[in-house]
Amino acid sequence: MTVAVRFRRHLRRLLLLLASCCLISLLLSAYFLFSNSSPSMHLGQSAEPACSQPLSMSPYRQLPYPYPPNPPYTHVHTDAVVLVLVESQYSQLGQDIVAILESAHFQFRMEIASGKGDLPPLTEKGHGRYSLIIYENLLKYAHADTWNRQLLHQYCTEYRVGIIGFYRSTENSPSVLKLRGLPLVLRTNQALWDCCVVSSSPLLHLTKPGTDRGALPGEDWTSFSSNHSSYQAVLLARAKEGAAAGSGDNAGPGFSLGLQATVVQDMGLYDGVRRVLFGQGLGYWLHRLILVDAISYLTDRKLTLGLDRHILVDIDDIFVGKEGTRMNTKDVKGIFVGVPTTEHFQVGGLARREAI
């Protein structure tokens, strides 16, 4: 009888110990789950006092690169060519996009975007013809008919092709706009200031985190808001004091008079297509840098610019100046005092110095 009592006593202790371990493990799992997860974020809302601080709640800090990962059946062979769909061949934004592509020596093909969303042939002999698609007008993409939208979506998911889109507000734009087929809301015609680059964005390559203080050019800015975790802010700005974040109406869901997302990145978690959307054209200098970084990111660095820079100092004209004003060897060497890597510099006309 004593042995049975001892056995039951030890069994109770063992069960109590196992129950305690299970409870502790559940508590630890819940803690790590909720501390690393990202609830639905409104891109227009932030309680951070300084917009240059990183977004600690952003889920992409733990995501692998590239994201989403390529499934084993996905065709990833595409030509390093960008398809640019413009309003017309004379549109200003279209010309700005082409100028950036040409300056970076990226191959591209420009087409006029049709109202129904008709597309040129996207594949040829089993491989993709384009690594990236840029829409000058985001609405041409959003309002494409069902057939062309599905065709484009299938191409983007199978060949891992991203989309870049621009939305420019006009005086006739609605104050709040819902994009068809996407959990994204746009608020138009805003006056913003103090634009900052979100330091935790994986899109950044050439662009450095920081804040460009002062008023942003124009009062036709568009901000983005979404309750889906696939959308993350790349550029944030503040609404001007005394001005509503739009046309003066009450702020809708997902909006505030604080930080507004003027450039957003779609991580592809919603429908498998990665996108970068701009709330204005390329008149703002930061948008030009972000566009180059977006091209690099969405093409998985297939179309990218290196970080090395070379400076050409041309001093030919100084050698043909008047007596007493011409450069000599000592003057030329003095130009590069304190320059750490002079091998990156080329001095035009230096070989002609002794002949003059």
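A short tour of the structure in this document, coming up.

The rules behind each value
- Residues numbered from 1 in each chain as written.
- Predicted model: local features only at pLDDT ≥ 70, side-chain atom pairs only at ≥ 80, totals over all residues.
- Heavy atoms only, no water.
- Core = buried A, V, L, I, M, F, W, Y, C linked by side-chain atoms within 4.5 Å.
- Buried < 20%, exposed > 50% of the residue type's maximum accessible area, 1.4 Å probe, protein only.
- Helix = DSSP H or I, 4+ residues; strand = E, 2+ residues; numbered from the N terminus.
- Contact = heavy atoms within 4.5 Å.
- Patch = residues over 30% accessible without salt bridge, like charges linked within 9 Å, V, L, I, M, F, W, Y side chains within 5 Å.
- Areas by Shrake-Rupley, 256 points an atom, 1.4 Å probe, with all protein chains shown as cover.
- Salt bridge = Lys/Arg side-chain N within 4 Å of Asp/Glu carboxyl O.
- Pairing = 2+ DSSP bridges.
- Polar contact = N/O pair within 3.5 Å; in protein donor to acceptor, adjacent residues only side chain to side chain.
- Disulfide = S-S within 2.5 Å.
- Lys, Arg positive; Asp, Glu negative; His and termini not counted.
- Charge placed at Lys NZ, Arg CZ, Asp CG, Glu CD.
- Axes fitted to C-alpha atoms, helices over the stretch in contact; angles between N-to-C directions.
- Parallel < 35°, antiparallel > 145°, perpendicular 65-115°, else oblique.
- Left-handed = near helix turned anticlockwise from the far one by under 90°.
- Nonpolar A, V, L, I, M, F, W, Y, C, P; charged D, E, K, R; others polar.

### Let's talk about the nonpolar core
If you look at the biggest cluster of nonpolar residues, it comprises 39 residues, and the most contacted ones within it are I164 and F166. The set of elements that each furnish at least two residues to this core consists of β1 (81-86), α2 (92-103), β5 (132-135), β6 (162-166), β9 (192-197), β12 (231-239), β14 (275-278) and α5 (285-298). When residues of this core are assigned to their parent elements, the largest contribution, 8 residues, is made by α5. Ignoring sequence-local partners within four residues, the contact set of I164 consists of L132, I133, I134, Y135, V276, F278, L291, A294, I295 and L298. Y135, Y167, L186 and A233 belong to the second-largest nonpolar core, a separate cluster that totals 34 residues.

### Considerations on unusual backbone geometry
A positive phi angle, close to 50 degrees, is found at D194, a residue other than glycine. Of note in the backbone geometry, D300 takes a positive phi value of approximately 55 degrees without being a glycine. Note that D300 resides in the loop between α5 and β15 (311-314).

### What to know about a nonpolar patch on the surface
Among the surface-exposed residues, F7, L11, L14, L15 and L18 lie close enough to one another that they form a single nonpolar patch of about 500 Å² accessible area. For L11, the position within the fold is in helix α1 (residues 2-36).

### Things to note about the pairing of β1
With 6 of its 6 residues buried, β1 lies for the most part within the structure. Covered by surrounding structure in β1 are V81, L83 and L85 together with V82, V84 and V86, the residues of both alternating faces. Note that β1 and strand β2 (residues 107-112) share 6 bridges and pair parallel. Note on β2: the bridge partner recorded for L83 is R109. For β1 and β5, the ladder comprises 4 bridges, and the chain directions are parallel. Pairing of L83 across the sheet is with I133, part of β5.

### Structural notes on the environment of R109
If you trace the backbone, R109 turns up in strand β2. In this structure R109 comes out as partly exposed when scored by relative accessible area, which is 31%. Linking R109 and V98, residues 11 residues apart in sequence, is a C-alpha distance of 9.3 Å. Residues within four places of R109 in sequence aside, it is in contact with V81, V82, L83, V84, P120, R129 and Y130. A polar contact is formed between the side chain of R109 and the side chain of Y130, at a distance of 3.0 Å.

### Structural notes on the state of the cysteines
By the definition in use, this model includes 0 disulfides. Between C21, a cysteine without a disulfide, and C22, which holds the nearest cysteine sulfur, the sulfur-to-sulfur distance is 7.0 Å. Using a relative accessible area of 46% as the deciding quantity, one classes C22 as partly exposed.

### A word on the pattern of salt bridges
Counted according to the given criterion, the structure contains 9 salt bridges. As a salt-bridge pair, R109 and E111 come within 2.6 Å of each other at their nearest N and O atoms. With a closest N to O distance of 2.6 Å, D266 and R275 form a salt bridge. Comparing D266 with R275 shows no difference in burial state: the two are buried. Salt bridges linked by common partners bring R160, R274 and D300 together as one network.

### A closer look at a positive patch on the surface
Side chains of R6, R8, R9, R12 and R13 sit close together on the surface and give a patch of like positive charge. A relative accessible area of 61% means that R12 is categorised as exposed.

### Here we look at the environment of S199
As for its placement among the helices and strands, S199 is situated in the loop between β9 and β10 (210-215). According to the relative accessible area criterion, S199 is partly exposed, its value standing at 30%.

### Some words on the packing of α2 against α5
Where α2 contacts α5, the two axes come as close as 11 Å, and the packing angle between them is 60 degrees. Taken together, the axes of α2 and α5 lie oblique to each other. For the crossing formed where α2 meets α5, the hand is right-handed. Residues D96, I100 and L101 of α2 form the contact with α5, whose participating residues are R288, L291, V292 and I295. The residue inventory of the contact of α2 with α5, partitioned by class, reads 5 nonpolar, no polar and 2 charged.

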